[in-house]
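One-letter residues, chain by chain:
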Amino acid sequence: MSDTMTHLSQQKAPVGQSRGQATRVDILQVARQLFSEHGYHKTGIADIQEATGLTKGAFYHHFRSKEDLALAILDQTRQEYADQLIAPAMQQAGPAERLEALLDGAVELNSRPEWCNCQMMATLGAELTPADGRLRETVQGIYGDLQDRCQELLTEAHQTGQASDRIDPETGAQWIANTLTGLCLARKLGAARVPARSLIDAMKRTLLKRPVKGKVQTSGNGASK
């Protein structure tokens, strides 16, 4: 069992939560981590039982199937993106600041050991096929929501002169979504050669018109004034 899995299995239920509710939360947390590390198809109900210490009957008391469990996890994931990533970013003053906050928030969330939503989404996105039906469509929907939000912010930033004219909003939004996914897969593979922060900052410099702070003025002969 990984360190994260051990941590999850040792967490206590919140005060006021019933035993049944606590069991459901435990299944969701553990399965999310397993899907993140091993994928949906390589994680069986038996793996979830072993990690949680539950019987098969206890599992099926809360979820009708592994797909039912995965869809419940994705519902939680969508809400957590809304609450912990989108909402804080949208509190910023303008579209450029909101987009910057969204990108910075993604880096910060993925620096937390307990946050595995982005890696899980990247892993599922890489393995699911049309045969996976609702599950694949739900993952596509979550990615689509992110791209739509980024495209809206880039469009507003273009309209207010805060975004570069070199990249159109639709392309920029696709670039952001692909980069965030790629960062998660590279980290999981152990193939990341530069910090995520460096890539995100480079993206922000390319997409947005950012003022240069503390710029040194020079005279005509190149000497500093």
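Just above, that's the structure.
Residues numbered from 1 in each chain as written. Predicted model: local features only at pLDDT ≥ 70, side-chain atom pairs only at ≥ 80, totals over all residues. Heavy atoms only, no water.

Trainee: Sorry if this is basic, but what is going on with the packing of aromatic side chains here?
Mentor: Remark: the centre distance and the inter-plane angle together describe each pair of aromatic rings, the angle taken between the planes. Inspection of the entire model under this criterion finds four aromatic pairs. Aromatic pair F59 and Y60: ring centres 5.3 Å apart, planes at 90 degrees, arrangement edge-to-face. Overall, the relative accessible area of 1% leaves F59 in the buried class. Taken together, the aromatic side chains of F59, Y60 and F63 make up a single cluster linked through ring pairs. (Phe/Tyr/Trp six-rings, centres within 6.5 Å; stacked < 30°, edge-to-face > 60°. Buried < 20%, exposed > 50% of the residue type's maximum accessible area, 1.4 Å probe, protein only.)

Trainee: Just to check I follow, could you spell out the side chain of S36 for this structure?
Mentor: Considering the arrangement of structural elements, one finds S36 in helix 2 (residues 19–38). For S36, a relative accessible area of 1% puts it in the buried group. Dropping the residues within four chain positions of it, S36 is found in contact with C116, Q119, M120, T123 and K188. (Helix = DSSP H or I, 4+ residues; strand = E, 2+ residues; numbered from the N terminus. Contact = heavy atoms within 4.5 Å.)

Trainee: Is there a simple way to think about the layout of surface pockets in this case?
Mentor: Rolled over the atoms, a probe sized like a water molecule indicates the empty space that remains. Estimates place the volume of the largest pocket at around 540 Å³. Around the largest pocket, the lining comprises 27 residues; the ones closest to its centre are Y81, L85, C118, L146 and L180. If you list the elements that add at least two residues to the lining of the largest pocket, you get helix 5 (66–90), helix 6 (95–110), helix 7 (117–127), helix 8 (134–159), helix 9 (169–189) and helix 10 (196–207). Counted by class, the lining of the largest pocket contains 19 nonpolar, three polar and five charged residues. (1 Å grid on protein atoms, 1.4 Å probe; cavity = no way out; pocket = protein on both sides within 12 Å on 5 of 7 lines; lining within 4 Å. Points joined across faces, edges and corners; volume = space filled by probe spheres on them. Nonpolar A, V, L, I, M, F, W, Y, C, P; charged D, E, K, R; others polar.)

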